[in-house]
Amino acid sequence: MTNAGAGNRIDSNTLLFGVIGNPIRHSKSPIMMNRAFRETGINGVYAAFHVTSDRVGDFAAGVRAMGIRGVNVTIPHKLDIMSALDEIDPSAQAIGAVNTIVNDDGRLIGYNTDGIGYVRSLKEEAERELAGKRIVVIGAGGAARGIIFALANEMPDRITIANRSVERAKALADSLHGKVEIRAISMEGLQSACTEADIVINTTSVGMFPNTDETPIDASWLRPGAVASDLIYNPLKTRFLHEAEQRGCRIHGGLGMFIYQGAYAFEYWTGQPAPAAAMRETVLASLQG
Ligand code: NAP
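Participant: Just to check I follow, could you spell out the site of the ligand for this structure?
Facilitator: Near the ligand you find 20 residues, and of these Ala143, Asn163, Arg164, Ser165 and Arg168 are the closest. When isolated, the ligand has an accessible area of 930 Å², and the protein chains bury 73% of it. Taken together, the elements giving at least two residues each to the shell around the ligand come down to helix H5 (142-152) and helix H9 (255-270). The residue inventory of the shell around the ligand, partitioned by class, reads 9 nonpolar, 9 polar and 2 charged.

Put into structure tokens, the structure is as follows:
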């Protein structure tokens, strides 16, 4: 499969990869993954496919028919793709969403690399040891689900979920409760939970471009020295992170999660370590350009 130095040469042996979503033209995955193939000399090419919800089954059939080796899945197809696959990895099953498909000789296997990508980034960039930590997660949407599942595997002391719709936080806490204590609270309880937290993670879209003057919490609630983490990477440093930094917190942005969810997908498809630094460089240049 490798052809060091060949770059993205396209010939009769080129392996095909891609991402599906709706919309998809904003996606940074193609530039990131094609850089990874160039960097490792793998003869592969990665494209973006605009697929509507009524064509997800057709797409899966096309992947089998054409022998497309790997696919990433983004909004809104992470749930509806599952019924079109042959096998779902147990973690993706527990999370209830698939973002990566491996085509193993016509057998489509679904994985979820969002949560493990986030945790790898958090450990490499902000906090190496998550065991015993008190973690607060703001938000209970699709991204929160994956990261809470992965965080629970690190054996933190407890995970507290606060969400605008508290029922959604409760449902999430109940469905993932097991190895560690996971509790749901309303936004009213968030201040005191943040005060005693080691890590506070924003998984809501509050503060994302173009609403960059918004922030999910008052930074004075944070303990100096704690980690403030935001899943948003546009902007790279949200208002939440700016204010947390001024408060004396260690900050962690969402770019690493994006890079490492792609790095895990690359590793599942190719069996080789992903060139994460080069992937980051390419995405960063594109975001800043
Ligand atoms: P989602 O499923 O739509 O969930 C959105 C969450 O944000 C819900 O908990 C929602 O609360 C909350 N929310 C939205 N607007 C709010 C507001 N004005 N005030 C308080 N809470 C609000 O979205 P998602 O897929 O989980 O994505 C969430 C964020 O993560 C987005 O900013 C996305 O860009 C980011 N993300 C980043 C990566 C990465 O690779 N870095 C990957 C995935 C997602 P309710 O339940 O009450 O509606």
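There is more to say after this.
Participant: Honestly, the packing of helix H1 (residues 29-40) against helix H10 (residues 276-288) in this entry has me stumped. Any pointers?
Facilitator: If you want to describe how two helices pack, look at the angle between their axes and the distance between the axes. With their axes 8 Å apart at the nearest point, H1 and H10 run at an angle of 145° to one another. As H1 runs across H10, the sense of the crossing is right-handed. For the pair formed by H1 and H10, the contact residues are Ile31, Met32, Met33, Arg35, Ala36 and Glu39 on the first element and Ala278, Met279, Glu281, Thr282, Val283 and Ser286 on the second. Broken down by class, the residue content of the contact of H1 with H10 amounts to 7 nonpolar, 2 polar and 3 charged.

Participant: So what exactly am I meant to see when it comes to the packing of aromatic side chains here?
Facilitator: The geometry of an aromatic ring pair comes down to the distance between the two centres and the angle between the two planes. Tallied over the full model, the rule gives 8 aromatic pairs. On the basis of an interplanar angle of 40° and a centroid distance of 5.1 Å, the ring pair of Phe17 and Trp269 is categorised as tilted. Here Trp269 lies in helix H9 and Phe17 lies in strand S1 (residues 15-21), a separation of 252 residues in the sequence. Both residues of the pair, Phe17 and Trp269, belong to the buried class. Between Tyr264 and Tyr268 the ring centres are 6.4 Å apart and the planes differ by 45°, which places this aromatic pair in the tilted class. Separated by 4 residues within a single helix, Tyr264 and Tyr268 lie in helix H9, roughly one turn from each other. Members of the aromatic cluster, joined through ring pairs, are Phe17, Phe37, Tyr46, Phe266 and Trp269. Residue placement shows Arg120 over the ring face of Tyr264; its charged tip is 4.6 Å from the ring centre.

Participant: Any chance you could explain H1 here in plain terms?
Facilitator: Turn by turn, an α-helix covers 3.6 residues, leaving residues three or four places apart pointing in a common direction. Here H1 is 12 residues long and its end C-alpha atoms lie 16 Å apart, about the 16 Å a rise of 1.5 Å per residue gives. With 9 of 12 residues buried, H1 is to be regarded as a mostly interior element. Along H1, the positions that sit buried rather than exposed are Ser29, Pro30, Met32, Met33, Asn34, Arg35, Ala36, Phe37 and Thr40. Those residues of H1 that are buried are in contact with S1, strand S2 (44-50), strand S3 (70-73), H9 and H10. Residue Gly41 follows H1 closely and has a positive phi angle near 75°.

Participant: I would appreciate a short explanation of the sheet that holds strand S5 (residues 100-104) in the present structure.
Facilitator: Pairing between the strands of a sheet comes from backbone hydrogen bonds, and it takes one of two forms, parallel or antiparallel. Read across the sheet, 6 strands follow the order S2-S1-S3-S5-S6-S4 without closing on themselves; strand pairing throughout is mixed. With one partner strand each, in any of the chains shown, S2 and strand S4 (87-88) form the two edges of the open sheet. Bridge count for S4 against strand S6 (residues 107-111) is 2 bridges, and the pairing is parallel. Of the residues in S6, the one forming a bridge with Glu87 is Ile109. Taken strand by strand, H9 contacts S1, S2, S3, S5 and S6, and its axis lies near 5° from that of S5.

Participant: Would you explain unusual backbone geometry in this entry?
Facilitator: In most cases, non-glycine residues show a negative phi, while peptide bonds are predominantly trans. Pro23 follows Asn22 through a cis peptide bond whose omega is 5°. With respect to the helices, strands and loops of the structure, Pro23 is situated in the loop between S1 and H1. With omega at 5°, the peptide bond leading from Phe209 into Pro210 counts as cis. Take Pro210: it is sitting in the loop between strand S10 (199-202) and strand S11 (227-230). With phi around 50°, Asp105 is a residue other than glycine that occupies positive phi space. Phi is positive for Met155, close to 55°, though the residue is something other than glycine. By relative accessible area, Met155 is classed as partly exposed at 43%.

Participant: What am I meant to see in the domain arrangement of the protein here?
Facilitator: A common way to report how large an interface is uses the accessible area buried once the components associate. In terms of domains, the protein is made up of domain 1 (15-112 + 257-288) and domain 2 (115-253). Using C-alpha coordinates to define each centre, domain 1 is positioned 26 Å away from domain 2. Taken together, both faces of the contact between domain 1 and domain 2 bury some 1,500 Å²; the carbon and sulfur share is 65%. Of all residues in domain 1, Ile95, Met257 and Tyr260 bury the most surface against domain 2, accounting for 44% of the area lost on that side.

Rules used in this analysis
- Residues numbered from 1 in each chain as written.
- Predicted model: local features only at pLDDT ≥ 70, side-chain atom pairs only at ≥ 80, totals over all residues.
- Heavy atoms only, no water.
- Near = heavy atom within 4 Å.
- Areas by Shrake-Rupley, 256 points an atom, 1.4 Å probe, with all protein chains shown as cover.
- Helix = DSSP H or I, 4+ residues; strand = E, 2+ residues; numbered from the N terminus.
- Nonpolar A, V, L, I, M, F, W, Y, C, P; charged D, E, K, R; others polar.
- Axes fitted to C-alpha atoms, helices over the stretch in contact; angles between N-to-C directions.
- Left-handed = near helix turned anticlockwise from the far one by under 90°.
- Contact = heavy atoms within 4.5 Å.
- Phe/Tyr/Trp six-rings, centres within 6.5 Å; stacked < 30°, edge-to-face > 60°.
- Buried < 20%, exposed > 50% of the residue type's maximum accessible area, 1.4 Å probe, protein only.
- Lys NZ or Arg CZ within 6 Å of the ring centre and 35° of its normal.
- Expected span 1.5 Å × (residues − 1).
- Pairing = 2+ DSSP bridges.
- Domains from an automatic or database assignment.
- Buried area = accessible area lost by both parts, 1.4 Å probe.

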